[in-house]
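Overview (structure and organization)
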Amino acid sequence: TAYEIPKRDWSSDVCSSDLILFITRDDLIKRTPFGGNIQPEKLIPHVKTAQDKHMLPILGTVLFEYLQQIIAANTVSGIYEELLDDYIKDTLVHYTAVEALPFLSYTFANSGVVRNVGEVSQAPTKVEIDFLLDKELQSAQFYAQRLRDFLIAKSTQIPQYYQATGDAREVYPNRGVQYYTGWNI
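Residues numbered from 1 in each chain as written. Predicted model: local features only at pLDDT ≥ 70, side-chain atom pairs only at ≥ 80, totals over all residues. Heavy atoms only, no water.

1. Details of the packing of helix α2 (residues 40–72) against helix α3 (residues 78–100)
Direction vectors running N to C along α2 and α3 enclose 155°, while the axes themselves pass 7 Å from each other. When the axis of α2 is compared with that of α3, the two are roughly antiparallel. By crossing handedness, the relation of α2 to α3 is classed as right-handed. Across the contact of α2 with α3, the residue classes tally to 18 nonpolar, 6 polar and 2 charged. (Axes fitted to C-alpha atoms, helices over the stretch in contact; angles between N-to-C directions. Helix = DSSP H or I, 4+ residues; strand = E, 2+ residues; numbered from the N terminus. Parallel < 35°, antiparallel > 145°, perpendicular 65-115°, else oblique. Left-handed = near helix turned anticlockwise from the far one by under 90°. Nonpolar A, V, L, I, M, F, W, Y, C, P; charged D, E, K, R; others polar.)

Structure follows, in structure tokens:
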């Protein structure tokens, strides 16, 4: 099946041509504990932050921008569809949860920051929020390593992963591999 452009799933109020997301609202609903309980406009900034902060260093600038281009052109297929659907989505939804959880009970308004507590609900403690953050971070890190392993294994089919443009502002992929080369005598 052809990859659906994620920005079509979000409210038109918050979409712009430069906001190309690797996940959809449905991905967050189906793959996180959020379900359909959170307004999409509250999650989009966190998706963008997670995508830039966590996915860009994993993918590197060349592959990251290539994926955005093929999503915008609606030409995702083959190995790139597998990469997005089976690896990037799982990683990004959990990093989005990590970025969003601390902010979900707050509303930022002209009058300041307001904490939202429903009539019959009870706000979780900081310890409970920290526990949820830790669980989501563990899931995100698991899926991130799985993504890196896939990219390394399929690097001949995904040449953008090892490409560089020579631009000093470019982010090179963090492959999560530590090499040690000791002295050879």
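2. Some remarks on the packing of aromatic side chains
A complete count under the given rule lists 5 aromatic pairs for this structure. Consider the rings of Phe22 and Phe64, whose centres lie 5.1 Å apart with planes at 65°: the pair is edge-to-face. With Phe22 in the segment before α1 (25–31) and Phe64 in helix α2, the pair connects residues that are 42 residues apart, well separated along the chain. Side by side, Phe22 and Phe64 carry an identical accessibility label, which is buried. (Phe/Tyr/Trp six-rings, centres within 6.5 Å; stacked < 30°, edge-to-face > 60°. Buried < 20%, exposed > 50% of the residue type's maximum accessible area, 1.4 Å probe, protein only.)

3. Describing the environment of Leu28
The topology assignment puts Leu28 in helix α1. The exposure class of Leu28 is buried, given its relative accessible area of 2%. Linking Leu28 and Lys89, residues 61 residues apart in sequence, is a C-alpha distance of 8.9 Å.

4. A word on helix α4 (residues 126–153)
With 28 residues, α4 ought to run about 40 Å at 1.5 Å a step, and its terminal C-alpha atoms sit 40 Å apart, in line with that. Looking only at α4, the buried set comprises Ile129, Leu133, Glu136, Ala140, Ala144, Leu147, Arg148, Phe150 and Leu151. Looking at the packing, one finds that the buried side of α4 touches α2 and α3. (Expected span 1.5 Å × (residues − 1). Contact = heavy atoms within 4.5 Å.)

5. A look at the pattern of salt bridges
Overall, the coordinates contain 7 salt bridges when judged by the stated rule. Residue Lys89 pairs with Asp85 through a salt bridge whose shortest N-O separation is 3.3 Å. Taken together, the residues Lys89 and Asp85, both in helix α3 and 4 residues apart, mark about one turn of the helix. The residues Lys89 and Asp85 share a single accessibility class, namely buried. Where Lys126 meets Asp130, a salt bridge forms, and the shortest distance between an N and an O atom there is 2.7 Å. (Salt bridge = Lys/Arg side-chain N within 4 Å of Asp/Glu carboxyl O.)

6. As for α2
Taking 1.5 Å of rise per residue, the 33 residues of α2 would be expected to cover 48 Å, yet its terminal C-alpha atoms sit only 20 Å apart, more than 12% below that figure. A bend of about 110° at Gly60 is the largest found in α2. Just downstream of α2, Asn74 is the residue with a positive phi angle, here 55°. (Bend = angle between axes of the 7 residues up to and from the residue.)

7. A few points about the side chain of Glu136
Along the chain, the position of Glu136 falls in helix α4. Of the side chains with opposite charge, Lys135 comes closest to the buried, unpaired Glu136, at an N-O distance of 9.4 Å. (Lys, Arg positive; Asp, Glu negative; His and termini not counted.)

8. Thoughts on the confidence of the model for the protein
Taken as a whole, the protein shows an average pLDDT of 79; of its residues, 72% reach a score of 70 or greater. The weakest mean pLDDT in the protein belongs to strand β2 (residues 112–115) at 62; the strongest belongs to α3 at 94. In the model, residues 1–17 has pLDDT below 50 throughout and makes 40 contacts with residues more than four positions away in sequence or in other chains. (pLDDT = per-residue confidence, 0-100.)

9. Points about the nonpolar core
Counting residues in each nonpolar core, the largest one holds 44 residues, and the members touching the most others are Leu59, Leu67 and Leu83. The leading source of residues in this core is α2, at 13 residues. Not counting residues within four places of it along the chain, the set of residues in contact with Leu83 comprises Leu63, Leu67, Ile88, Leu147, Phe150, Leu151 and Ile158. (Core = buried A, V, L, I, M, F, W, Y, C linked by side-chain atoms within 4.5 Å.)

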